[in-house]
Amino acid sequence: MSTDQPLVRLRGVGKSFGSARVLTGIDLDVRRGEVVVVIGPSGSGKSTLCRCVNRLETADEGSIEIEGRPLPAEGADLARLRADVGMVFQSFNLFAHKTVRDNVMLGPVRVRGLSRADARKRAEELLERVGVGAHGDKYPAQLSGGQQQRVAIARALAMEPRVLLFDEPTSALDPEMIHEVLDVMTALAAEGMTMIVVTHEMGFARKAADRVVFMAEGRIAESAAPEDFFGSPQTERARDFLARVLSH
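Not measured: the values here are computed from a predicted model. (Residues numbered from 1 in each chain as written. Predicted model: local features only at pLDDT ≥ 70, side-chain atom pairs only at ≥ 80, totals over all residues. Heavy atoms only, no water.)

Focus: the nonpolar core
Looking at soluble globular proteins, one finds that nonpolar side chains tend to be buried together. With 51 residues, the main nonpolar core has I153, F166, M185, M195 and F229 as its most contacted residues. Of all the elements, helix α6 (residues 175-190) adds the most residues to this core, at eight residues. Core analysis: the second largest hydrophobic core is formed by 28 residues, C50, L71, M87 and M215 among them. (Core = buried A, V, L, I, M, F, W, Y, C linked by side-chain atoms within 4.5 Å. Buried < 20%, exposed > 50% of the residue type's maximum accessible area, 1.4 Å probe, protein only. Helix = DSSP H or I, 4+ residues; strand = E, 2+ residues; numbered from the N terminus.)

Here we look at the sheet that holds strand β4 (residues 61-66)
One open sheet holds the four strands; their spatial order is β2-β1-β4-β5, and the pairing between them is antiparallel. Pairing within the sheet leaves two strands with one partner each, and these edge strands are β2 (20-30) and β5 (69-70). Taken together, the two bridges between β4 and β5 define a ladder with antiparallel strand orientation. Note on β5: the bridge partner recorded for E65 is P70. (Pairing = 2+ DSSP bridges.)

Overview of the UniProt feature "domain: ABC transporter" (unreviewed entry) in the chain
The positions UniProt marks with the feature "domain: ABC transporter" (unreviewed entry) are residues 8-242. Strand forms 25% of residues 8-242 and helix 40%; the C-alpha atoms that close the span are 27 Å apart. (UniProt positions renumbered as here; feature names shortened; annotations may be inferred.)

Things to note about the side chain of R150
Of note, R150 is situated in helix α5 (residues 145-158). Given the relative accessible area of 11%, R150 is considered buried. With sequence-adjacent residues up to four places away left out, R150 is seen in contact with V130, G131, V132, E180, V181 and V184. (Contact = heavy atoms within 4.5 Å.)

In structure tokens, the structure reads:
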């Protein structure tokens, strides 16, 4: 297989919810080790785009490929895809009745077939890595929002995914907790993890992105390196957006 093949490739992807058109003609390549940050106004289709990549939403038209293979429709192949394409949600989505450690162990044991001993060792290493190593025996409700989101990142990493999707991972957090999650994400980016990140955090986009994708009205309006996008946006829409978000 050619090494210059994109890890993720979208061509002509469209999606509607009823009569509401949310994505139109999306073309996007994401290469191995690349961090693509998707920004844009609310309702521009960012989260839907993210959710289409691991088939939490099904595109109505166009094609999505991971490592040259089309997204599977259902069954065991889809479960494997979801293991390879990790997802971190804005609402954490941890199992409330399981300890933090068990939340991280569950996928590797059930989907990857790891022994419980190996899964436990990996879970403890990852919880340490994201800064919550002391909390393995606690339940999610005993942790702050920032800690829960870091557990959710550890859970996604435990599956050894090829690409990680982040759907507004800090939007449910108090301001003082946002930086602790962004720090973990910035470290992952520096380590070469392939990431697609939907976020409102412009500082993270400037610092960690290889490329910024700006969406408006369900389309990709601009795609550029962060210094180019923030320094000289090419469209009126992007200029208006940046004027609003950067003035706060």
